[in-house]
Amino acid sequence: MTIQTGVQTVPAPTIASQDPPAVNLLIAGRLRDYADLLTQQGEDGFRARAFRRAADVITALDRPVEEILSQHGREGLTALPAVGTGIASAIAEMVTTGRWSQMDRLRGDLAPEVLFRTIPGIGAKLADLLAKDGQLESLEELEHAVRFGKVAVRGIGPRRRRMIAAAIAERLGRPFFVTETTVARPPVAMLLQVDRMYRERAAAGQLRKIAPKRFNPTGDAWLPILHARHGDWHFTALFSNTQLAHQLNKTADWVVIYYHKEGQPDGRCTVVTATRRPLLGQRVVRGREPEDEEEISNETRNWK
C-alpha cells in the first residue's frame, strides 16, 4: 500500500517484525523525554500526548526514519500516522545534526552556535555572530533569515546566503522553501496575553525554573518557563537569555515566546517594553509595532 502526499507517492509504514532499527528507538526515546519535560514544566498534556503517540509510531516502524527522510524528505515523515509538521521537523533535525534545539531549550542546554557550525559554509566566528548579533537559535530560524534577508550580521553576501539556505533545506529534508506570506502568526493581542500571563506567574513564583548553561557560570535555576495553549496555538515563554539581553540588563523584561500550530512552521517572537513614543512604556511585540499601536488604539476606543 502507498500514501499519496500530493507531490510524491510514499510507501506506507509497516509494523516491524523484528527488533526496531536503533535510530528509531533513539528518536522515539527523545520524543518521550520531551513529552516528560513538557509534563514536568506544567504543559496541559495536549502536546505531550502528541509526542508520545508519535514515539509509539516511530518505535513500530520497520524502516529507519533516516531512510524515509533521505528518500522522501519531510513529506515521507508527515505521511506517518501521528507525525505532523512540527514533529517531522524535530525528527529531521535529530537525524541530520544529532541535536534537537527544542529539547535543548527546555533543558536549558541550547547552544545555537554549536548547531550552526554543522552547516557547510559556517565557521566558528560566523556561527557566534549569528547566535549573538543575529539572535537566531534554530536551523529553521537561520534558514528563514538567510532566505528573506532578515539577518543583522555583516559578511554574508548573496552567494553565501544561497549556499547556506540550500544546505539547510537539504539538511532538513525539504526541497523548497515556504514563502514568507504563507507563514501564519498568532495575533498580537494573543501574544501580549501570553506575555502578561508569563510575567505575572513568574513574579508569583508559580513557574518551574530551569538552569540555562549559557551565561550562567554559577548554574543557578533562575529562568522561569511557561507552556500555554490558546485554541490551536501552543506557546512556550521564557525571559531572554541572549548575550544582548544580559548586556542591556533586560533579562527580566524581554520575553521570548515560541509558538506552534499544526501544519505551520514553528515561530518565535520577543515581547519588550517600548522605549519610544507613541508606545512608550507599553508592552510590544518586536517587529510588529504597527499592529501593537492598532491594538492599543482599539482598546482605548473600547474603554471610552
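Below you will find a few notes about this structure. Keep in mind it's a predicted model, so treat the numbers as computed, not measured. The numbering scheme is per chain: residues are counted from 1 as the chain's sequence reads. The model is predicted, so local features are restricted to residues of pLDDT at least 70 and side-chain atom pairs to those at 80 or more, both for listing and for counting; the totals for chains, interfaces and linings are taken over all residues. The side-chain values count all of the structure's non-hydrogen atoms but skip hydrogen atoms and water molecules.

## Regarding helix 9 (residues 158-171)
Side chains of residues three or four places apart in an α-helix project in the same direction, reflecting 3.6 residues per turn. Selection rule: Secondary structure counts use DSSP, requiring at least four H or I residues in a row for a helix and at least two E residues in a row for a strand, with both numbered from the N terminus. Take the residue count of a helix, subtract one, and multiply by 1.5 Å to get its expected span. Each residue gets one of three labels from its accessible area relative to the maximum for its type: buried under 20%, exposed over 50%, partly exposed in between, using a 1.4 Å probe on protein chains only. In what follows, residue pairs with any heavy atoms lying within 4.5 Å of each other are defined as contacts.
Here helix 9 spans 20 Å end to end across 14 residues, near enough to the 20 Å set by a 1.5 Å rise per residue. Among all positions of helix 9, only Arg161, Ile164, Ala165, Ala167, Ile168, Ala169 and Arg171 are buried. Residues of helix 9 that are buried make contact with helix 4 (85-97), helix 7 (124-132) and helix 8 (139-148).

## Some remarks on the packing of helix 3 (residues 65-78) against helix 4
Think of two packed helices as two axes; the pair is described by the angle between the axes and how far apart they sit. Rule in force here: Convention adopted: a line fitted to C-alpha atoms gives each axis, helices being fitted over their contacting stretch, and angles between N-to-C directions are expressed from 0 to 180 degrees. Orientation is classified from the angle alone, with under 35 degrees giving roughly parallel, over 145 giving roughly antiparallel, 65 to 115 giving roughly perpendicular, and any other angle giving oblique. The sense of a crossing depends on the near helix, which, turned anticlockwise from the far helix by less than a right angle, makes the crossing left-handed and, turned clockwise, makes it right-handed. Side-chain classes are defined by residue name, with Ala, Val, Leu, Ile, Met, Phe, Trp, Tyr, Cys and Pro counting as nonpolar, Asp, Glu, Lys and Arg as charged, and the others, Gly among them, as polar.
Relative to each other, helix 3 and helix 4 sit at 155 degrees, their axes nearing to 10 Å. Relative to helix 4, the element helix 3 lies roughly antiparallel. The interaxial crossing formed by helix 3 with helix 4 has left-handed handedness. Contacts from Val65, Glu66, Leu69, Arg74, Leu77 and Thr78 in helix 3 reach Thr85, Ala88, Ser89, Ile91, Ala92, Val95 and Thr96 in helix 4. Residue composition of the contact of helix 3 with helix 4, by class: seven nonpolar, four polar and two charged.

## So, the nonpolar core
To be explicit about the condition: Among the buried residues, those of types Ala, Val, Leu, Ile, Met, Phe, Trp, Tyr and Cys that are joined through side-chain atoms within 4.5 Å form a nonpolar core.
Core analysis: the largest hydrophobic core is formed by 57 residues, its most contacted members being Leu31, Ile58, Leu77, Val83, Tyr198 and Ile257. Once you skip the residues sitting within four places of it in the chain, Leu31 turns out to touch Phe51, Ala54, Ala55, Ile58, Ile87, Met94 and Trp100. One finds Leu115, Leu142, Ala165 and Ala167 within the second-largest nonpolar core, a separate group that totals 20 residues.

## Regarding helix 10 (residues 188-203)
Given a rise of 1.5 Å per residue, 16 residues ought to cover 22 Å, and the 22 Å separating the end C-alpha atoms of helix 10 matches this to within 8%. Within helix 10 the residues assigned to the buried category are Val188, Met190, Leu191, Leu192, Val194, Asp195, Met197, Tyr198 and Ala202. After helix 10 finishes, the residue Gly205 shows a positive phi value of roughly 70 degrees.

## Some words on the side chain of Glu141
Counting through the fold element by element, Glu141 comes out in helix 8. We classify Glu141 as buried; its relative accessible area is 16%.

## Digging into the pairing of strand 6 (residues 255-260)
Just so we agree on the cut-off: We treat two strands as partners when DSSP finds at least two bridges between them.
The element strand 6 is largely enclosed, with a buried count of six among its six residues. Taken together, the six bridges between strand 5 (residues 233-239) and strand 6 define a ladder with antiparallel strand orientation. Paired with Thr236 across the two strands is Tyr258, which belongs to strand 6. The pairing of strand 6 with strand 7 (residues 267-273) spans five bridges and is classified as antiparallel. Residue pairing in the sheet places Val255 in a bridge with Val271 of strand 7.

## Examining the environment of Thr218
Rules: For the purposes of these results, a polar contact is taken to be a pair of N or O atoms within 3.5 Å, where, inside protein, one atom must be able to donate a hydrogen and its partner to accept one; residues adjacent in sequence count only when each atom of the pair is a side-chain atom.
Relative to the helices and strands, Thr218 is located in the loop between strand 3 (209-210) and strand 4 (223-230). You can call Thr218 exposed: its relative accessible area is 59%. Within the structure, Thr218 has its side chain in polar contact with the side chain of Asp220 (distance 2.9 Å).

## Examining the packing of helix 1 (residues 22-40) against helix 4
Between helix 1 and helix 4, whose axes approach to 11 Å, the crossing angle comes to 125 degrees. Regarding the angle of helix 1 to helix 4, the classification is oblique. Of the two elements, helix 1 crosses helix 4, and the hand of that crossing is right-handed. Note on element contacts: helix 4 touches helix 1 through Ile87, Ile91, Met94 and Val95, opposite Ile27, Arg30 and Leu31. Taken together, the residues of the contact of helix 1 with helix 4 sort by class into six nonpolar, no polar and one charged.

## Here's the deal with the pairing of strand 5
With seven of seven residues buried, strand 5 lies mostly within the body of the structure. Judged by which residues are buried, strand 5 turns out to be covered on both faces: Trp233, Phe235, Ala237 and Phe239 on one side and His234, Thr236 and Leu238 on the other are all buried. When strand 4 meets strand 5, the two strands line up antiparallel, connected through six bridges. For Ile225, the partnering residue across the bridge sits in strand 5 and is Leu238. The hairpin turn running from strand 4 into strand 5, its antiparallel successor, is two residues long, and Gly231 in that turn takes a positive phi close to 60 degrees.

## A few points about unusual backbone geometry
The omega torsion across Arg277 and Pro278 is 10 degrees, close enough to zero to call that bond cis. Relative to the elements of secondary structure, Pro278 occurs in the loop between strand 7 and strand 8 (283-285). A positive phi is found at Ala82, a non-glycine position, where the angle reads about 70 degrees. Despite not being glycine, Asn249 shows a phi value in the positive range, around 60 degrees. Its location among the elements puts Asn249 in the loop between helix 11 (243-247) and strand 6.

## Observations regarding the packing of aromatic side chains
The geometry of an aromatic ring pair is captured by two quantities: the separation of the ring centres and the angle between the planes. Our working definition: When the centres of two rings from Phe, Tyr and Trp lie within 6.5 Å, Trp using its six-membered ring, the rings pair. Their planes under 30 degrees apart give stacked, over 60 give edge-to-face, and anything left gives tilted.
According to the stated counting rule, one finds five aromatic pairs in the structure shown. Each ring, one from Phe51 and one from Trp100, has its centre 6.0 Å from the other, and the planes form 45 degrees; the classification is tilted. Residue Phe51 is located in helix 2 (residues 46-60), and its partner Trp100 is located in the loop between helix 4 and helix 5 (101-107); the two are separated by 49 residues in the primary sequence. Taking the relative accessible area as the measure of exposure, Phe51 reaches 2% and is therefore buried. Relative accessible area serves as the criterion here: at 2%, Trp100 is assigned to the buried category. Their ring planes at 80 degrees and their centres at 5.7 Å tell us that Trp233 and Tyr259 sit as a pair that is edge-to-face. Of this pair, Trp233 sits in strand 5 while Tyr259 sits in strand 6, placing them 26 residues apart in sequence.

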